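Each chain, written out:
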Amino acid sequence: KIKIVQWYVDHLQEKDSFFDKLDCMDVFYYANAKDLQNLSKKYSNAIFSFFLNISDPAFDKSLDIEKTEDVIYIARDYNEDVRTKFALLLKEFCDKENIKLQVFASLGNPSIFGNDFHKAIAKTKIAINFNRDDNLEKTNEDKILGASDRMAQFLGSGICTFSPRIKGFEKLYEDGVDIVYFDNPNDCFEKLKYYLKDNRFIDIAKKGQAKTYEIANAKRTTKYMLELLFDDKNCNNYEWSEYKFKQGEEI
């Protein structure tokens, strides 16, 4: 009679043997709402639900480091990846505008993890989140609440965060208040200049961190997981509550 759940935060590109195990799951929590309904039709025993990437003051916190860099971009690219094209455009723009840019895991630069990651973003004014399934010149209308957990880490660490406009996130973060959304590279670059000027990024960073601690902290996110698992109707009282399905139907 044990309850079994799984939570998953990356792109769901697994072998068939991974999905076979869903037959014994009670709930599958996924930090991306796009395919939940279709998955619930195919694997009818489990509930499929969105959940927020967790950011909590216990581990994502502001470090007291002087901000010596303007922009940071961290994304693992694969040469043919759209993120390579975005990184190249970003570097060209920053070089032209004399904006100090740090790039990790793209354009041949090494990856960065752990405390090195937190120190690198802490000394930077603005962090850009850009995902492998984002489009370059227009919003990907097929996406729903799908973003790398880096975005939650940027926000929770008190860094002014830029992201492509993604359906569903407007319910969580208000544009120009908690976060800065952009529609294409040129829009992103113009907004970089605007928010770097006169330290406008500071207020966005503070409000984004406060909002993240409020809605995505470990206690609240886990509370949602348990409420859904044990059929507690309080699980309907979250910003993302509509994204939970069983047998192809919203529950």
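Scroll up for the structure.
So, a few notes on the structure that sits alongside this text.

Cut-offs and rules
- Residues numbered from 1 in each chain as written.
- Predicted model: local features only at pLDDT ≥ 70, side-chain atom pairs only at ≥ 80, totals over all residues.
- Heavy atoms only, no water.
- Salt bridge = Lys/Arg side-chain N within 4 Å of Asp/Glu carboxyl O.
- Helix = DSSP H or I, 4+ residues; strand = E, 2+ residues; numbered from the N terminus.
- Buried < 20%, exposed > 50% of the residue type's maximum accessible area, 1.4 Å probe, protein only.
- Phe/Tyr/Trp six-rings, centres within 6.5 Å; stacked < 30°, edge-to-face > 60°.
- Expected span 1.5 Å × (residues − 1).
- Contact = heavy atoms within 4.5 Å.
- Polar contact = N/O pair within 3.5 Å; in protein donor to acceptor, adjacent residues only side chain to side chain.
- Pairing = 2+ DSSP bridges.
- Axes fitted to C-alpha atoms, helices over the stretch in contact; angles between N-to-C directions.
- Left-handed = near helix turned anticlockwise from the far one by under 90°.
- Nonpolar A, V, L, I, M, F, W, Y, C, P; charged D, E, K, R; others polar.

### Overview of the pattern of salt bridges
Next, step 1: Per the counting criterion, the structure on display carries 16 salt bridges.
Next, step 2: For Asp133, the salt bridge is made with Lys143, and the minimal N-O distance between the two is 3.1 Å. Within this pair, whereas Asp133 is found in the loop between strand E6 (124-128) and helix H5 (149-156), its partner Lys143 is found in the loop between E6 and H5, the two being separated by 10 residues in sequence.
Next, step 3: Note on Lys143: relative accessible area 3%, which makes it buried.
Next, step 4: Residues Asp183 and Arg165 are paired through a salt bridge, measuring 2.8 Å at the closest nitrogen-oxygen approach. One end of the pair, Asp183, is in the loop between strand E8 (180-182) and helix H6 (185-196); the other, Arg165, is in the loop between strand E7 (160-164) and E8, with 18 residues separating them in the sequence.
Next, step 5: On the basis of relative accessible area, Asp183 is assigned to the partly exposed category, the value being 30%.
Next, step 6: By relative accessible area, which is 31% here, Arg165 ends up partly exposed.
Next, step 7: Here the salt bridges do not stand alone but share partners, grouping Asp133, Asp134 and Lys143 into one network.

### Concerning the packing of aromatic side chains
Next, step 1: A complete count under the given rule lists 23 aromatic pairs for this structure.
Next, step 2: Judged by centre distance (5.3 Å) and plane angle (85 degrees), the ring pair of Phe18 and Phe19 falls under edge-to-face. There is no split in this pair, since Phe18 and Phe19 are both buried.
Next, step 3: Each residue in the set Trp7, Tyr29, Phe50, Phe51, Tyr224, Tyr238 and Trp240 is aromatic and connected to the rest through ring pairs, giving one cluster.

### Quick word on H6
Next, step 1: For H6, spanning 12 residues, the distance from its first C-alpha to its last is 16 Å, which sits close to the expected 16 Å at 1.5 Å a residue.
Next, step 2: For H6, the set of buried residues is Pro185, Asp187, Cys188, Phe189, Lys191, Leu192, Tyr195 and Leu196.
Next, step 3: Turning to H6, the residues buried within the fold contact strand E4 (69-74), helix H3 (82-97), E6, E7, E8 and helix H7 (201-215).
Next, step 4: A distance of 3.2 Å separates the backbone nitrogen of Asn186 from a side-chain oxygen at the start of H6, and that oxygen is part of Asn184.
Next, step 5: Phi turns positive one or two residues past the end of H6, at Asp198, with a value near 55 degrees.

### Regarding the pairing of E4
Next, step 1: The buried fraction of E4 amounts to six of the six residues, a majority that puts the element mostly inside the structure.
Next, step 2: Bridge analysis of E4 against E6 gives four bridges, and the strand direction is parallel. The partner of Glu69 across the bridge, within E6, is Thr124.
Next, step 3: In the sheet, E4 pairs with strand E5 (residues 101-104) via four bridges, with the strands oriented parallel.

### Quick look at the sheet that holds strand E10 (residues 249-250)
Next, step 1: Strand order across the open sheet formed by five strands is E1-E2-E3-E9-E10, with mixed pairing between neighbours. Each having just a single partner strand, strand E1 (5-8) and E10 make up the two edges of the open sheet.
Next, step 2: Strand direction decides the pairing type here: strand E3 (residues 47-50) and strand E9 (residues 244-246), joined by two bridges, are antiparallel. Along E9, the bridge assignment pairs Phe48 with Phe245.
Next, step 3: The strands touched by helix H8 (residues 218-229) within the sheet are E1, strand E2 (27-30), E3 and E9, with E2 carrying the most contacts at an inclination of about 150 degrees.

### Some thoughts on the sheet that holds E5
Next, step 1: Strand order in the open sheet formed by five strands is E5-E4-E6-E7-E8, with parallel pairing between adjacent strands. On the outer flanks of this sheet lie E5 and E8, each paired with one strand and no other. For this sheet, the mean angle separating the axes of adjacent strands, direction not counted, is 25 degrees.
Next, step 2: Here H3 sits on the sheet and contacts E4, E5, E6 and E8; the angle it forms with E4, its principal contact strand, is near 170 degrees.
Next, step 3: Most of the contacts of helix H4 (residues 114-122) go to E4, to which it runs at about 140 degrees, and overall it touches E4, E5 and E6.

### A word on the packing of H3 against H6
Next, step 1: Relative orientation of the contacting elements H3 and H6 amounts to 35 degrees, with a least axis distance of 11 Å. Seen along the crossing, H3 lies across H6 with a hand that is right-handed. Residue-level inspection shows Phe86, Leu89, Leu90, Phe93 and Glu97 of H3 in contact with H6, the latter providing Pro185, Cys188, Phe189, Leu192 and Lys193.
Next, step 2: Of the residues assigned to the contact of H3 with H6, the class counts are eight nonpolar, no polar and two charged.

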